[in-house]
Amino acid sequence: MAKFITAKEAAQLIPDGATVGLAGMGLSGWAEEIACAIRDNFAETGHPCNLNLKQGSAMGDWGYGNNFIGWDRSPRADGPDKTHGNRGATRFGEAGPGLIAKWTSAHIGSAFTLCEQARQNQLESYCLPQGVIINLWREIGAGRPGLITKTGLGTFVDPRIEGGRMNAAAKDELVKVIQFEGEEYLFYPSFKCDVALLRGTIADENGNISFAHESVINEGFAVANAVKHCGGIVIVQVEYLAKKETLNPKEIKIPGNLVDYVVQARDPMSCWQAEGDYWEPAFSGQIRKPLTAIKPLPFDERKVICRRVAMELRKGDIVNLGVGMPADVSKVVNEEGLIDRLTLSTESGMVGGVPSALPSFGSAYNPEAIITPNEMFDFISGGGLNLTCLGIGEVDKDGNNNVSRMGKRLTGPGGFIDITASTPKVIFAGTLMGKAKLSVGDGKLTVLEEGTIRKFVDKVGQITFSGQYAPDHQEVLYVTERAVFKLIDHKLTLIEIAPGIDLEKDVLAAMDFRPEISPDLKTMDPGIFQETWGGLGKYLK
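Predicted, not measured: the structure shown is a model, and the values here were computed from it.

1. Some words on unusual backbone geometry
Moving on, step 1. Residue His47 is joined to Pro48 through a cis peptide bond whose omega torsion reads -5 degrees.
Moving on, step 2. On the secondary structure map, Pro48 appears in the loop between α2 (32–45) and β3 (51–54).
Moving on, step 3. Put simply, Leu358 and Pro359 share a cis peptide bond, and its omega is 15 degrees.
Moving on, step 4. Locating Pro359 in the fold gives a position in the loop between β19 (354–355) and β20 (364–365).
Moving on, step 5. Unusually for a residue other than glycine, Lys435 sits at a positive phi of about 70 degrees.
Moving on, step 6. Structurally, Lys435 is set in the loop between β28 (433–434) and β29 (437–441).
Moving on, step 7. Here Lys435 falls in the exposed class, since its relative accessible area comes to 65%.
Moving on, step 8. One non-glycine residue, His490, lies in the positive phi region at around 65 degrees.

Right under this line is the structure:
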């Protein structure tokens, strides 16, 4: 039976050098109060130290505003832990280097202090595909030797390229190339994990954990099962306590037999549903929100890009939308009144509804179903999607796309590698240049002042998507506000240009290389450059 303890007592249970497993996305599933106690205990005593942190998704806070209390990134009068942008795994770096020695995640960009330590080589930093890490927990819990998959071949995760290492301090081999029945695969070995640090909404007196207010039914069960298989301890933070045998057994997501310790948070503000929402009941199924209450995107180049992406959708499609600009495609579909003609989803396990963008990415308004990320990545890897839209970081002439490490900025791939490996149609969306000043309207686009960040470069800094490894049957598009490109014969080929744009001055001069140019170069639909569109229906038929 689980023991109920304080956050400080939980911090003192973690031994030096322990491998600690996390589950969740953003702030969903994040045990903020316990993490702060671990940080404080390390600052006071030097323990625990040299931890090996393992997480599947981004566990942090980009510092956006929200609809509950109006947080920002400046200190508040009620204490240093009330700063927005400082929540999440970044807590583990606030007391300086030494608490974390190794850090493996699919996405690390929002944990600012740990990213800085990684840049300074004060800890070892590794990034692996999100679906790989999430489902590796299942393999560990079942006592299997690891995960065999093609996910990661040809990318920076491939050990013949970088092996997932994000800095010079990283020396471990976390992935191997193997041959199986004449085909090439990657093998991700299982590992021993000592502590699970998780969060739910409610614990009953027997330690059964409900996710009643959580928007994401995260991989907490898989992490807890893996840690128990390894002989470790499972610690869960919750907001509420309930009398035993009063919770609906179908709502229990982590059974009490897997839970050793429960911490009831003293401050409900350490139990946020998502980065931007303390609790949005339309995310967790308590209500269905009127779709008219979801604000449309402002009319600018971002909306143009999302509209052009939406033109590729077809009635009945099952679609994955990634973080950043791609998630806003859902708002375009909703504004056009066509959200019921297809199924939008995110890798967190949201099926249907209107996926939310940052600061609450991973959640969805009015989802039809919420499954675990483990199940969602099985569905994705099995080819269940028709289409995905993901972001653009850097693109080169071979169609390679880098979203994981640009210069000194460390981010990681998230589910990018898993999703692009198995989806028949892939759309990358982003601006052609960063920081450009543009004017949109009257059916055309005008560049007022050229940007300062070049995104179409001679050679990407890291390969998150490999244009050379893309199968011949996979359709790959690169949608920007000025032009649309397609991967043809593994070469980036210009196929459309925006009305009002000069090909040489506004497109080719903004690129480090000259792409192939289709002999049938078309003009993008002028309708998407009008403030009111209403034209999506003809494409969705």
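2. Focus on the environment of Pro189
Moving on, step 1. Along the chain, the position of Pro189 falls in strand β8 (residues 183–189).
Moving on, step 2. Put simply, Pro189 and Asn167 are 22 residues apart on the chain and 21 Å apart in space, counted from C-alpha to C-alpha.
Moving on, step 3. If sequence neighbours within four positions are ignored, Pro189 has contacts with Leu136, Pro145, Gly146, Leu174 and Val175.

3. Comments concerning α2
Moving on, step 1. For α2, with 14 residues, the first-to-last C-alpha span of 20 Å sits near the 20 Å given by 1.5 Å per residue.
Moving on, step 2. Most of α2 is tucked away: 10 of the 14 residues are buried.
Moving on, step 3. For α2, the complete set of buried residues consists of Glu32, Glu33, Ile34, Ala35, Cys36, Ala37, Ile38, Arg39, Asn41 and Phe42.
Moving on, step 4. On its buried side, α2 packs onto α1 (7–12), β9 (195–199), β12 (233–238) and β15 (261–264).
Moving on, step 5. Just past α2, the residue Gly46 takes up positive phi, approximately 85 degrees.

Here is what the cut-offs are and how they apply
Residues numbered from 1 in each chain as written. Predicted model: local features only at pLDDT ≥ 70, side-chain atom pairs only at ≥ 80, totals over all residues. Heavy atoms only, no water. Helix = DSSP H or I, 4+ residues; strand = E, 2+ residues; numbered from the N terminus. Buried < 20%, exposed > 50% of the residue type's maximum accessible area, 1.4 Å probe, protein only. Contact = heavy atoms within 4.5 Å. Expected span 1.5 Å × (residues − 1).

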